[in-house]
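# Understanding the architecture of this molecule
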Amino acid sequence: MLSFLTARQTGVHDPDRLRRAESTRRALSLELNHDRDVERIHGNGVNSIDIEVIERRYMLSGGSDGVIVIYDLENTSKKSHYTCKAVCTVGRSSHYVHKFSVETVQWYPYDTGMFLSSSFDKTMKVWDTETLKPAEVFQFEGNVYCHHMSPIARKHSLIAVGTTDPKVQLCDLKSGSRIHVLQGHRGEVLSVRWSTRYEHILATAGTDSRVRVWDVRRASGSLFSLDQHNGDESRTSSETVNTAHDGRVNGLCFSHDGLYLISTGTDNRMRLWNSATGQNTLVNYGKVTNESRKGVKFTVSRGCGPELVFVPCGSSVAVYSLHTGELVTMLRGHYNNVDCCEFHPDYQVTCVIVHWELIVGFIHKSVGAWTWSQSSNNA
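The protein chain is annotated in an unreviewed UniProt entry as DNA excision repair protein ERCC-8 of Electrophorus electricus.

So this is what it looks like as structure tokens:
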């Protein structure tokens, strides 16, 4: 690392190269953080978390008890051991609380004054953070498994919603109405994800073993359906034609640059796809245990080289190299199955993993004297 500092000082390397090298080093040396705890609010399983991108300080969590909590991740006490406190809660006593399990929570991408939640009570709610009251409520005919709002969109404010209905619902935040449906799936839609590169590109996955990629500006069907065999008829049967997995596809995530799409399925496989062509890159990740009947929420690192994928795997989190498929490490610390994880790029690297009422943080090992210390970087 000293060589990077010298090269940066002399102008041989640009600042991004040093930053990327240090981010990678930290990501590859994650260990359980025993000095950080999170206030216990949820009385049941935690299904979803999201860290806002404005200050990267506040974290949303949604649980099987219908409760939504906002945590402050910053160490304001400046003590080495501290507890992240809940700053506000939509609890069971609230008139506006979800009646059943909250499956997905998401901050509004451009402002911490608003966030979204969807639930098995067949609703998706748009919340005012200050009042903790819904500004808008979207009603659906079936349970809502997932929703996603584009993190980069400037020309639209669409929210994609996956439910027990095979049709993908598009809700317009500006008009407060459902404006369009995407038809093509033959089963429940378990995961929806907007591209991180093109604001009109959407990927969806469901119980029909298919992953479809859409351009929402087109009135016709999907652009293409991902084929795990890349059109090789000798390796397909009538049941597996144009299927991404041999089981339910319950997890999707785009790489940070949007060039690749990662999918997970109940066939215990994870696949990496070229998002422009739909080609299976055939990267072999080995067995990726996946027994979830609902969506799997995994994440990809940012600012690292190589890029890393953090995937819930039983009671641990498996960390893979995105492009080689190598299993880098297993993050252990839970006693039961992990439901979701999130990557915090600013603290390079904090990976927050959730199961039941526990929220556990993983932090890189202590760094050298030329960077900030563990206690002062609030990670």
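Burial analysis of strand S4 (residues 58-63) places 6 of its 6 residues in the buried class, the great majority of the element. By the alternation rule, side chains of S4 split into Tyr58, Leu60 and Gly62 and Met59, Ser61 and Gly63, which are all buried. In the sheet, strand S3 (residues 46-51) pairs with S4 via 5 bridges, with the strands oriented antiparallel. Paired with valine 46 across the strands is glycine 63, a residue of S4. Hairpin geometry of S3 and S4 is characterised by an intervening segment of 6 residues between the two adjacent antiparallel strands and by a positive phi of about 55° at arginine 56. Relative to strand S5 (residues 68-72), S4 is paired through 5 bridges, and the arrangement is antiparallel. Within S5, the residue paired with leucine 60 across the bridge is isoleucine 70. Once S4 ends, the chain turns through 4 residues before running back antiparallel as S5, passing glycine 66 with a positive phi of about 85°.

Moving on, we get to the packing of aromatic side chains. Across all of its chains, the model carries 6 aromatic pairs by this definition. Here tyrosine 108 and tyrosine 110 contribute two aromatic rings whose centre-to-centre distance is 5.8 Å and whose plane-to-plane angle is 80°, an arrangement assigned as edge-to-face. Seen from their ring centres, phenylalanine 115 and tryptophan 127 are 5.9 Å apart, and the 10° between their planes marks the pair as stacked. One end of the pair, phenylalanine 115, is in strand S9 (residues 114-119); the other, tryptophan 127, is in strand S10 (residues 123-128), and 12 residues separate them in sequence. The burial state of phenylalanine 115 is the same as that of tryptophan 127; both residues are buried. The rings of Trp107, Phe115 and Trp127 are connected pair by pair, giving a single aromatic cluster.

This paragraph deals with the sheet that holds strand S8 (residues 102-107). The strand order across the open sheet formed by 4 strands is S8-S9-S10-S11, and the pairing between neighbours is antiparallel. What marks the edges here is a single partner per strand, and that holds for S8 and strand S11 (133-139). Along the sheet, successive strands turn relative to each other by an average axial angle of 20°, direction set aside. In terms of strand pairing, S8 meets S9 through 5 bridges, oriented antiparallel. Its bridge partner lying in S9, valine 102 is registered against serine 119.

Moving on: the pattern of salt bridges. Per the counting criterion, the structure on display carries 6 salt bridges. Note that arginine 57 is salt-bridged to glutamate 74, the shortest N-O span being 3.9 Å. Here arginine 57, found in the loop between S3 and S4, pairs with glutamate 74, found in the loop between S5 and strand S6 (82-84); they are 17 residues apart in sequence, far enough to count as distant. Its relative accessible area of 29% is what places glutamate 74 among the partly exposed residues. For aspartate 215, the salt bridge identified is with arginine 217, shortest N-O distance 2.9 Å. Given the relative accessible area of 59%, arginine 217 is considered exposed. Here the salt bridges share partners, and the residues they tie into one network are Arg57, Asp72 and Glu74.

Following glycine 305, the chain continues to proline 306 via a peptide bond in cis, the omega torsion being 10°. Within the secondary structure, proline 306 is located in the loop between strand S23 (299-300) and strand S24 (308-313). Even without being a glycine, lysine 78 presents a positive backbone phi close to 60°. For lysine 78, the location among the structural elements is in the loop between S5 and S6. Exposure remark for lysine 78: the relative accessible area of 56% places this residue in the exposed category.

Cut-off values and rules
- Residues numbered from 1 in each chain as written.
- Predicted model: local features only at pLDDT ≥ 70, side-chain atom pairs only at ≥ 80, totals over all residues.
- Heavy atoms only, no water.
- Buried < 20%, exposed > 50% of the residue type's maximum accessible area, 1.4 Å probe, protein only.
- Helix = DSSP H or I, 4+ residues; strand = E, 2+ residues; numbered from the N terminus.
- Pairing = 2+ DSSP bridges.
- Phe/Tyr/Trp six-rings, centres within 6.5 Å; stacked < 30°, edge-to-face > 60°.
- Axes fitted to C-alpha atoms, helices over the stretch in contact; angles between N-to-C directions.
- Salt bridge = Lys/Arg side-chain N within 4 Å of Asp/Glu carboxyl O.

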